[in-house]
Amino acid sequence: MPPDVSVSVIAYCKLVLHLSKYPHCAVNGVLLAKKPTKENRSLHFVDVIPLFHLALELTPMLEVAMTQIESYCSQQGLIIAGYYHAGAVIGDPSPTFIAKRIADKICENLSDGCLFMVSMQMCPNEQKTSSDTANRVGVFMVKGIVN
């Protein structure tokens, strides 16, 4: 049975703010959770680390970032338990190759890891502003990613 998943307000707000700052391009980041226990397997995402906002496929930069995030997590008692990705195409929540690869790597370390595909929805004839972005963010959780 998959664990219950919850996202803190701070984590959600950081994710939305990352999208709001760069609404014109693809963005990604990782979600940090408290370490699950044997008694309580639920995932509670408590923080988000925004990563990139243009060239999401820069492997060397991604490797350095993940190493630094793992170091931070070990000091704070957290784990990298999820990855979020918002594509450059509005309304397309389908996972990209790079999103699947990163999610697979996270799932190698945590079998219940999550992939969140984020979609920015725009109403016709309206301009997107940062003040109303939170009302138009659709988060789709994709589990069991396999190449």
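Residues numbered from 1 in each chain as written. Predicted model: local features only at pLDDT ≥ 70, side-chain atom pairs only at ≥ 80, totals over all residues. Heavy atoms only, no water.

- As recorded by an unreviewed UniProt entry, the protein carries the name ER membrane protein complex subunit 8-like and is attributed to Lingula anatina.
- The annotation that UniProt attaches to the protein under Sequence similarities (unreviewed entry) is "Belongs to the EMC8/EMC9 family." (UniProt positions renumbered as here; feature names shortened; annotations may be inferred.)

### Brief notes about the overall build of the protein
Step number 1: Scanning the protein for helices and strands turns up 3 helices and 6 strands.
Step number 2: Ordering the α and β elements of the protein from the N terminus gives β-α-β-β-α-β-α-β-β.
Step number 3: Within the protein, the fraction of its 147 residues that count as buried is 41%.
Step number 4: Intrachain contacts of the protein at a sequence separation of at least 6 include 69% that bridge at least 24 residues.
Step number 5: Of the roughly 8,400 Å² of accessible surface on the protein, 57% is carried by carbon and sulfur atoms. (Helix = DSSP H or I, 4+ residues; strand = E, 2+ residues; numbered from the N terminus. Buried < 20%, exposed > 50% of the residue type's maximum accessible area, 1.4 Å probe, protein only. Contact = heavy atoms within 4.5 Å. Areas by Shrake-Rupley, 256 points an atom, 1.4 Å probe, with all protein chains shown as cover.)

### Quick word on the side chain of Asn28
Step number 1: Looking at the secondary structure, you find Asn28 in strand 2 (residues 27-34).
Step number 2: The class of Asn28 is buried, set by a relative accessible area of 0%.
Step number 3: Within polar-contact distance, the side chain of Asn28 engages the backbone nitrogen of Phe52 at 2.9 Å.
Step number 4: A polar contact is formed between the side chain of Asn28 and the side chain of Tyr83, at a distance of 2.9 Å. (Polar contact = N/O pair within 3.5 Å; in protein donor to acceptor, adjacent residues only side chain to side chain.)

### Looking at the state of the cysteines
Step number 1: Taken as a whole and assessed by the stated rule, the structure comprises 0 disulfides.
Step number 2: No disulfide involves Cys114; its nearest neighbouring cysteine sulfur is the one of Cys107, lying 7.6 Å away. (Disulfide = S-S within 2.5 Å.)

### Some remarks on the pairing of strand 4 (residues 78-86)
Step number 1: Buried residues dominate strand 4, accounting for 9 of its 9 residues.
Step number 2: Taken together, the 8 bridges between strand 2 and strand 4 define a ladder with antiparallel strand orientation. Across the sheet, residue Ala33 finds its bridge partner in strand 4, namely Ile79. (Pairing = 2+ DSSP bridges.)

### Some words on the pairing of strand 2
Step number 1: For strand 2, the buried fraction is high: 7 of the 8 residues fall into the buried class.
Step number 2: Across 5 bridges, strand 2 lies against strand 3 (residues 43-50) in antiparallel orientation. Of the residues in strand 3, the one forming a bridge with Gly29 is Pro50.

### As for the environment of Leu31
Step number 1: Looking at the element boundaries, Leu31 is found in strand 2.
Step number 2: Of the residues examined, Leu31 reaches a relative accessible area of 1% and is grouped as buried.
Step number 3: Each C-alpha atom, one on Leu31 and one on Leu15, is 9.1 Å from the other, the two residues being 16 residues apart in sequence.
Step number 4: The residues contacting Leu31, other than those within four sequence positions of it, are Phe45, Asp47, Val48, Ile79, Ile80, Ala81, Gly82, Tyr83, Tyr84 and Phe116.

### Section: the pattern of salt bridges
Step number 1: Applying the stated criterion across every chain yields a total of 2 salt bridges.
Step number 2: Notably, a salt bridge pairs Asp47 with Lys14, separated by 2.7 Å at the nearest N-O pair. Highlighted residues: Asp47 in strand 3 and Lys14 in helix 1 (residues 9-21), separated in sequence by 33 residues.
Step number 3: Relative accessible area serves as the criterion here: at 12%, Asp47 is assigned to the buried category.
Step number 4: Residue class for Lys14 comes out partly exposed when judged on its relative accessible area of 32%.
Step number 5: Across the salt bridge formed by Glu108 and Lys105, the nearest N and O atoms sit 3.8 Å from each other. Within this pair, Glu108 and its partner Lys105 are both found in helix 3 (residues 97-109), separated by 3 residues, close to a single helical turn.
Step number 6: A relative accessible area of 46% places Lys105 in the partly exposed class. (Salt bridge = Lys/Arg side-chain N within 4 Å of Asp/Glu carboxyl O.)

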